[in-house]
Amino acid sequence: MLKNKSIKTILFAVFITAILFFITGCNRNRDTAGETASPSVIQISETMFITHVNDIYANSNRNIGRTIRLQGIFLREPWDEPFSVVFRNAPGCCGNDGIVGFYTRWPEHNRQPYPEDNAWVEVTGVLRSYQHGTNNLLFIELASLVELSTRGQEFVTR
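The text that follows walks through the structure, step by step, so that each part is easy to find. Note that the structure is predicted; figures quoted are calculated from it, not measured.

What counts and what doesn't
Residues numbered from 1 in each chain as written. Predicted model: local features only at pLDDT ≥ 70, side-chain atom pairs only at ≥ 80, totals over all residues. Heavy atoms only, no water. Helix = DSSP H or I, 4+ residues; strand = E, 2+ residues; numbered from the N terminus. Buried < 20%, exposed > 50% of the residue type's maximum accessible area, 1.4 Å probe, protein only. Contact = heavy atoms within 4.5 Å. Areas by Shrake-Rupley, 256 points an atom, 1.4 Å probe, with all protein chains shown as cover. Phe/Tyr/Trp six-rings, centres within 6.5 Å; stacked < 30°, edge-to-face > 60°. Pairing = 2+ DSSP bridges. Core = buried A, V, L, I, M, F, W, Y, C linked by side-chain atoms within 4.5 Å. Salt bridge = Lys/Arg side-chain N within 4 Å of Asp/Glu carboxyl O.

A tally of regular secondary structure across the protein chain gives 3 helices and 6 strands. Every one of the 158 residues in the protein chain was classed for burial, and the buried ones make up 33%. Restricting the contact set of the protein chain to residue pairs at least 6 apart, pairs at least 24 apart contribute 59%. Looking at the protein chain as shown, the accessible area adds up to about 9900 Å², and 56% of this sits on carbon and sulfur atoms.

Even without being a glycine, Asn118 presents a positive backbone phi close to 80°. By the secondary structure assignment, Asn118 is in the loop between strand S4 (96-105) and strand S5 (120-132).

Per the counting criterion, the structure on display carries 6 aromatic pairs. Ring geometry for Tyr130 and Phe139: centres 5.8 Å apart, planes at 70°, overall edge-to-face.

Next up on the list: the pairing of S4. Note that strand S3 (residues 84-93) and S4 share 8 bridges and pair antiparallel. Bridging across to S4, Val85 finds its partner in Tyr103. Relative to strand S6 (residues 135-147), S4 runs parallel, the two sharing 3 bridges. Note on S6: the bridge partner recorded for Tyr103 is Phe139.

What follows deals with the environment of Val126. On the secondary structure map, Val126 appears in strand S5. Considering only alpha carbons, one finds Val126 and Ile140, 14 residues apart in sequence, at a separation of 5.4 Å. Not counting residues within four places of it along the chain, the set of residues in contact with Val126 comprises Gly65, Arg66, Thr67, Phe139, Ile140 and Glu141.

On to the pairing of S5, then. Pairing of strand S2 (residues 67-76) with S5 involves 7 bridges; the strand directions are antiparallel. Its bridge partner lying in S5, Thr67 is registered against Val126. Relative to S6, S5 is paired through 12 bridges, and the arrangement is antiparallel. Residue Arg128 lies in a different strand from S6, and its bridge partner there is Phe139. What sits between the antiparallel neighbours S5 and S6 is a turn of 2 residues, in which Gly133 has the positive phi angle 65°.

In this structure, Ile44, Ile68, Leu70 and Phe102 are the most contacted members of the largest nonpolar core, which totals 23 residues. Residue assignment for this core shows that the elements contributing at least two residues are helix H2 (49-58), S2, S3, S4, S5 and S6. Those residues within four positions of Ile68 in sequence are excluded, and the remaining contacts are Ile42, Ile44, Ile56, Val123, Thr124, Gly125, Leu127 and Ile140.

For the structure on display, the rule yields 6 salt bridges. For Arg62, the salt bridge is made with Asp55, and the minimal N-O distance between the two is 3.4 Å. With relative accessibility at 47%, the residue Arg62 sits in the partly exposed group.

By themselves, these observations are geometric and do not establish any function.
What follows is the structure, given as structure tokens:
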């Protein structure tokens, strides 16, 4: 009898906790992934980099057209001009590291030079989408791309 009562108490506690998470998660005044710095700019933080990027991809419909700012490693995409990538290294599968970040490109009317590959940059721009074959892919249309002398965490886990 005691065991049955303990299980019911635990299930009740889990149920109440789930309701509290749901209620507190419904705050519509927050920016994407909990960002509150500016309602117009989504600042992707270093401590929750993967979480913020994944949230933007998962909720792309509400984020397309919004301004995003992030720092990361710059890499040209020779096979997909005029795109480049700003990313950080992340855990992968089976001993192979992955990457997480965004394609970037300058607007047609404002092409500017890119830094060397592996440069640490901060980019700010508007999230856009484009059709690539049968895939709808996201990219940041750059408003600014600044090479920084101090590097952040190149490998992130959250």
